[in-house]
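# Structural features, examined
Spelled out from the first residue to the last, the chains are:
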Amino acid sequence: MASAVDAAGNPIPTSAVLMASSKHIGIRCHSENLEFLKCKKKDQNPEKCLDKGRDVTRCVLGLLKDLHQKCTKEMDEYVGCMYYHTNEFDLCRKEQQAFEQKCSLE
């Protein structure tokens, strides 16, 4: 895995990318996720929450693009480690620390 984005600069949300970015997603996209979960709790019909789901997706993809622009090297190294070690956080702590230092949790 060479990069978390494609040639056009659009994020590729693989499991390694999402796992590596999970803390950032939890913080930055908290309100969108909360609204989606409230919608799902209120109505189990998947069609009723499509707009909320799109909001979550838009937030996550925007965040991934921002993270990759802000700390390309650190994100690619962390994502690469997560990919290589099948998303085992414990085996990628060094890369995680470098990534979180460069792209601090806001």
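Residues numbered from 1 in each chain as written. Predicted model: local features only at pLDDT ≥ 70, side-chain atom pairs only at ≥ 80, totals over all residues. Heavy atoms only, no water.

### A short note on the UniProt feature "domain: CHCH" (unreviewed entry) in the protein chain
Stated precisely, the cut-off is as follows: UniProt positions are given in the numbering used here, feature names are shortened, and annotations may be inferred rather than shown by experiment. In this description a helix means any DSSP run of H or I spanning at least four residues, a strand means any run of E spanning at least two, and both kinds are numbered starting from the N terminus.
According to UniProt, the "domain: CHCH" (unreviewed entry) feature falls on residues 71–103. End-to-end, the C-alpha atoms of residues 71–103 are 6 Å apart, and along that stretch the chain is 70% helix and 0% strand.

### Quick look at the packing of helix α5 (residues 72–84) against helix α6 (residues 93–102)
Applicable threshold: Interaxial angles span 0 to 180 degrees and are taken between N-to-C directions of axes, which are lines fitted to C-alpha atoms, for helices over the stretch in contact. Orientation labels follow simple angle bins: below 35 degrees gives roughly parallel, above 145 gives roughly antiparallel, 65 to 115 gives roughly perpendicular, and whatever is left gives oblique. Left-handed describes a crossing whose near helix is turned anticlockwise from the far helix through less than a right angle; right-handed describes the clockwise counterpart. Contacts between residues were defined by any pair of non-hydrogen atoms, one from each residue, lying within 4.5 Å.
The geometry of α5 relative to α6 is characterised by a closest axis approach of 8 Å and an angle of 150 degrees between their N-to-C directions. Between α5 and α6, the angle falls in the class roughly antiparallel. The chirality of how α5 crosses α6 is left-handed. Residues E74, M75, E77, Y78 and C81 of α5 form the contact with α6, whose participating residues are E95, Q96, A98, F99 and K102.

### Here we look at the packing of aromatic side chains
Ring pairs (aromatic) are described by centroid distance and by the angle formed between their planes. Applied cut-off: To pair, rings of Phe, Tyr and Trp, with the six-membered ring standing in for Trp, must have centres within 6.5 Å; the planes then decide the type, stacked if under 30 degrees apart, edge-to-face if over 60, and tilted in the middle. A 1.4 Å probe rolled over the protein chains alone gives each residue an accessible area, and that area as a share of the maximum for its type sets the label: buried under 20%, exposed over 50%, partly exposed in between.
As enumerated under the stated definition, the model contains 1 aromatic pair in all. Aromatic pair Y78 and F99: ring centres 5.6 Å apart, planes at 40 degrees, arrangement tilted. With Y78 in helix α5 and F99 in helix α6, this residue pair connects regions lying 21 residues apart in the sequence. With respect to burial, Y78 and F99 carry one shared label: buried.

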